[in-house]
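Observations on the three-dimensional arrangement
Below are the chains, spelled out letter by letter.
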2 protein chains.
Amino acid sequence: MLPLEGIKVIDLTRVLSGPYCTMILGDFGAEIIKIETPGTGDDSRAYGPYQNGESAYYMSINRNKKSITIDTRNPKGCDLVREMIAKADMVVENFKPGTMEKLGMGYEDLIKINPELIYVACSGFGHTGPFSKRPAYDAIVQAMGGIMSITGQGPGEYTRVGASVGDITAGLFSALGAILALYEKQKTGKGQKVDVAMLDCQVAILENAIARYCVSGEIPQPKGNRHASLTPFEDFTCKDGEKVMIAIGNNGLWKKFLTVADRPELYEDPRFAQNKDRTGNYEIIKPILDEIFLMKTGQEWYDALVEAGVPVTFVSTIDKVVTNDQVLARNMILEVEQPKAGLFKMANTPIKMSRTQGGLRTPAPLLGADTETVLKEFLGKTEEEIENLKNEQIL
Amino acid sequence: MLPLEGIKVIDLTRVLSGPYCTMILGDFGAEIIKIETPGTGDDSRAYGPYQNGESAYYMSINRNKKSITIDTRNPKGCDLVREMIAKADMVVENFKPGTMEKLGMGYEDLIKINPELIYVACSGFGHTGPFSKRPAYDAIVQAMGGIMSITGQGPGEYTRVGASVGDITAGLFSALGAILALYEKQKTGKGQKVDVAMLDCQVAILENAIARYCVSGEIPQPKGNRHASLTPFEDFTCKDGEKVMIAIGNNGLWKKFLTVADRPELYEDPRFAQNKDRTGNYEIIKPILDEIFLMKTGQEWYDALVEAGVPVTFVSTIDKVVTNDQVLARNMILEVEQPKAGLFKMANTPIKMSRTQGGLRTPAPLLGADTETVLKEFLGKTEEEIENLKNEQIL
């Protein structure tokens, strides 16, 4: 039995941060009832590319969820959602703060009908503070939160991370909060509200940039792909244009590398004797290394350095990632038969548990696929009641 | 009472991925007993910059932990660690796979002395698969895992994320696995092994890059700071060299922006009428926008656009992050009195819980500060036994 089996989650989230959180909960056994707008559903259903008319974006992060369409712009639709929440363990939402309150479904409203509810809110700036009501965008929080200012090829060349880490880390921290609340409730019987902000999460993942700034007074800037203090420790372009990354952390590896490179004399060169020399003479050693790497193709370098025990990898484009031997051995690429779309690939959960392994149970649902089933099984509605709801255009 | 109060964790982790995980557990109440090498301790104690001789890196991610020095290169040291593990709920380690087995402390060894132990392993490539025994480096997994191939100013300009997201996301997923295992054990009484790989986590955070590639056949490349389909949605340089990021997601915001920019005629321009036109004519609109932004300073743009309700931010360097009104209102910057180092700033937990809020309980410890206390309270050692351990150079 999976860890979260038996936990019922009403999922009002859309697009990425919230759905990423509820995907983790669903991966490990929770029943995720995803409320979607009739006709259009989660906004991400409109994001291409498409496979047989179904959105790849939507399918990649909405597995293990049931889709029920309810019109929450209709007060009777909200009544229906509230009926469901009354019977649930958890609500997860990622609306702009204030939205749920307008619908009569803020935390204070909901604990009147379900006193020990766990309410998980994931928003751009949080449910408190002067920016609380601002709309959330991944690019805005990446910019405001500092990570862009330390990512790039050099000082001032601020670069956005190409995956929406603003949304995704918020999804991760929200899942952490959700499971901590569940764990605590198992002991005390009490619920609470979890309030996670994308901006806060950006601050939390800056590693030691804050400490470095506060201690040294130097404002951290992008440093390209180099390691802060180890050399050589970056990517190089090979004869065939491929890029490989090497990580030479000590002199033993430096020697092995130079043997593969057929440049043993460089090991005796006092300018590069120790790591601090190599780092200090970076401007001298870099062109030498650039030249060395142009001697072989990417595959030749990779094979030879792996054989020699020197840490190396291709700077992998996505095609290389999905065919990587280790990635496949770890079962990280799921191949799923999606309704309508057909065979579809997505990343699996990286949380591997020896006894209660989570992962794919059901594919991402078509819009409203589970509306009737959920109304019958979760709320005990009759066929007639469901018909009425349809006629009133609530579903 | 905090959620994880009463949970005893033996922490064998070093540097970043593992310590980040155990910091989360400690933030929410677990007792973290950090085993460090006598004399040197966690490798990160040697990473600068320093404040009064103490490492800023170490201090920023090791709060809420107790430091005990035990020499695990000495078999008697391992015996002592095993004694502690026998009485603990959880072990967390981030060694290269095989290391714990060599010390007689692999999962299979430990469940002989503590059958329901939760064992959390965080490694570069995981405890299974052909790359399992390779050493873990953040740069290597960022390169191998694909995120570098979609981050950068343009095709082929692969850029490493400036924070060690390879380590940090692994720390997050490890914490998720740890708490899921704790939750499950609360129900069943059974432990298990959690095996998280940095590489797997990179694959899991690629957002929809995998789906996009598999559906369209196009290999995703870096796209600079632009949004994939919305325009304008990126950063611009202002009169004073500051960079601001704007996020114009719809025509309402486009109109407001043009009013602030004093360029109302552009709203009537058919080339830029709808978002798809602006995106389609990016090469034409970009220089116009560049010119517009040079008309005001960063602060002028920020103030005017916030007033108008247009999503905007500075592309914040770290100094702006730690003084940001919202960041401070959310209590995201902790000011801690560190032993020896003095007053020190670090990021707080972004997981805000209404009833059982976690955060700072004790500052990052000096090396071995808790050795005697832990031996007495946790293992019931006498003064004499402790003296003997010292004489045998185990501590």
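Everything below is about the structure printed above this text.
Note that the structure is predicted; figures quoted are calculated from it, not measured. Residue positions are counted from 1 within each chain, in the order its sequence is given. Chain letters and ligand numbers both follow the written order, the letters beginning at A and the numbers at 1. Only residues with pLDDT of at least 70 get local features here, since the model is predicted, and only at 80 or more are side-chain atom pairs given and counted; chain-wide, interface and lining totals rely on the full set of residues. Side-chain metrics in this entry use all non-hydrogen atoms of the structure; hydrogen atoms and water are not considered.

1. Some points on unusual backbone geometry
All names here are of chain A. In this model, threonine 231 is joined to proline 232 through a cis peptide bond whose omega is -5 degrees. Structurally, proline 232 can be placed in the loop between α9 (209–216) and β9 (233–237). Look at aspartate 262: it is not a glycine, yet its phi comes out positive at around 60 degrees. Helix and strand assignments follow DSSP, with helices taken as H or I runs no shorter than four residues and strands as E runs no shorter than two, numbered in order from the N terminus. As for its placement among the helices and strands, aspartate 262 is situated in the loop between α10 (251–260) and α11 (265–268). Residue exposure (1.4 Å probe, protein chains only): buried if accessible area is under 20% of the type maximum, exposed if over 50%, otherwise partly exposed. Owing to a relative accessible area of 62%, aspartate 262 belongs among the exposed residues under this scheme. Look at asparagine 331: it is not a glycine, yet its phi comes out positive at around 60 degrees. Along the chain, asparagine 331 falls in the loop between α16 (325–329) and β12 (333–338). Residue asparagine 331 is classed as partly exposed on the basis of its relative accessible area, which comes to 45%.

2. Details of the pattern of salt bridges
Side chains that differ in charge, positive against negative, can pair when their charged atoms come close. Salt bridge, as used here: a side-chain nitrogen of Lys or Arg that lies within 4 Å of a carboxyl oxygen of Asp or Glu. Inspection of the entire model under this criterion finds 46 salt bridges over all chains. As a salt-bridge pair, aspartate 195 of chain A and arginine 330 of chain B come within 2.8 Å of each other at their nearest N and O atoms. With aspartate 195 of chain A in strand β8 (residues 192–197) and arginine 330 of chain B in the loop between α15 (325–329) and β12 (333–338), this pair bridges two chains. No difference in accessibility class separates aspartate 195 of chain A from arginine 330 of chain B, as the two residues are buried. For glutamate 265 of chain A, the salt bridge identified is with arginine 263 of chain A, shortest N-O distance 2.8 Å. Here glutamate 265 of chain A falls in the partly exposed class, since its relative accessible area comes to 43%. Under the relative-accessibility criterion, arginine 263 of chain A is labelled partly exposed at 24%. Ionic contacts of the salt-bridge type, sharing partners, join the residues Glu36, Arg45, Glu54 and Lys340 of chain A into one network.

3. Focus on the interface of chain B and chain A
Here, residues are in contact when the closest pair of their heavy atoms is within 4.5 Å. Taken residue by residue, the interface counts 134 residues in chain B and 135 residues in chain A. Between chain B and chain A lies a buried interface of about 11400 Å² when both sides are counted; carbon and sulfur atoms form 67% of it. Linking chain B with chain A are six salt bridges, by the criterion used here. Under the rule applied, a polar contact is a pair of N or O atoms within 3.5 Å (in protein, one hydrogen donor and one hydrogen acceptor; residues adjacent in sequence only if both atoms are side-chain atoms). Remark: the boundary between chain B and chain A carries 54 residue pairs in polar contact (both at pLDDT 80 or more). Sort the elements by how many residues they give to the side of chain B that touches chain A and helix α7 (residues 165–188) of chain B lands first, with 15 residues. Residues are grouped as follows: Ala, Val, Leu, Ile, Met, Phe, Trp, Tyr, Cys and Pro are nonpolar; Asp, Glu, Lys and Arg are charged; every other residue, Gly included, is polar. Residues of the side of chain B that touches chain A, tallied by class, amount to 80 nonpolar, 34 polar and 20 charged. Should DSSP find at least two bridges between two strands, the strands are taken to pair. Direction of pairing for strand β14 (residues 352–353) of chain A relative to strand β8 (residues 192–197) of chain B: antiparallel, over a ladder of two bridges. When the sheet's bridge partners are listed, lysine 352 of chain A is paired in β8 of chain B with aspartate 195 of chain B. Note on definitions: buried area is the accessible-area loss of two parts on being combined, 1.4 Å probe, summed for both.

4. A short note on the pairing of strand β5 (residues 65–69) of chain B
Residues and elements named next belong to chain B. Within β5, four of the five residues are buried, leaving the element largely enclosed by the surrounding structure. Pairing analysis gives five bridges linking strand β2 (residues 31–36) to β5, with the strands arranged parallel. Directly across from lysine 34, in β5, lies its bridge partner serine 67.

5. Focus on the sheet that holds strand β10 (residues 243–247) of chain A
All names here are of chain A. Reading across from one edge, β9-β10-β11 is the order of the three strands in this open sheet, with antiparallel pairing throughout. The open sheet has two edge strands with one neighbour each: β9 and β11 (312–314). On average, each strand axis in the sheet is tilted by 25 degrees relative to the strand beside it, whichever way the strands run. For β10 and β11, the ladder comprises three bridges, and the chain directions are antiparallel. Following the sheet pairing, valine 244 is matched in β11 by phenylalanine 314. Fitting a line to C-alpha atoms yields each axis, with helices limited to the stretch in contact; the angle taken between N-to-C directions then spans 0 to 180 degrees. Of the strands in this sheet, β9 and β10 touch helix α13 (residues 282–293), which is tilted by about 45 degrees from β9. Set on the sheet, helix α14 (residues 298–308) makes contact with β10 and β11; between it and β11 the angle comes to about 155 degrees.

6. A word on the environment of glutamate 83 of chain A
Residue and element names in this part refer to chain A. Tracing the chain through its elements places glutamate 83 in helix α3 (residues 75–86). Relative accessible area serves as the criterion here: at 34%, glutamate 83 is assigned to the partly exposed category. Note: C-alpha distance between glutamate 83 and leucine 379 (296 residues apart in sequence) is 7.7 Å. Among the polar contacts listed, one links the side chain of glutamate 83 to the side chain of lysine 381, at a separation of 3.0 Å.

7. Describing the relation of the copies chain B and chain A
To superpose the copies, least squares is applied to the C-alpha atoms of every residue with a pLDDT of at least 70 in both. The transform that puts chain B on chain A rotates by 180 degrees and translates by 0.0 Å along the axis, for an RMSD of 0.0 Å. Taken together, the rotation angle and the small translation identify this as a two-fold axis. Interface residue correspondence from chain B to chain A reaches 100%, placing this contact among same-surface, isologous pairings.

Nothing here speaks to function; it is geometry throughout.
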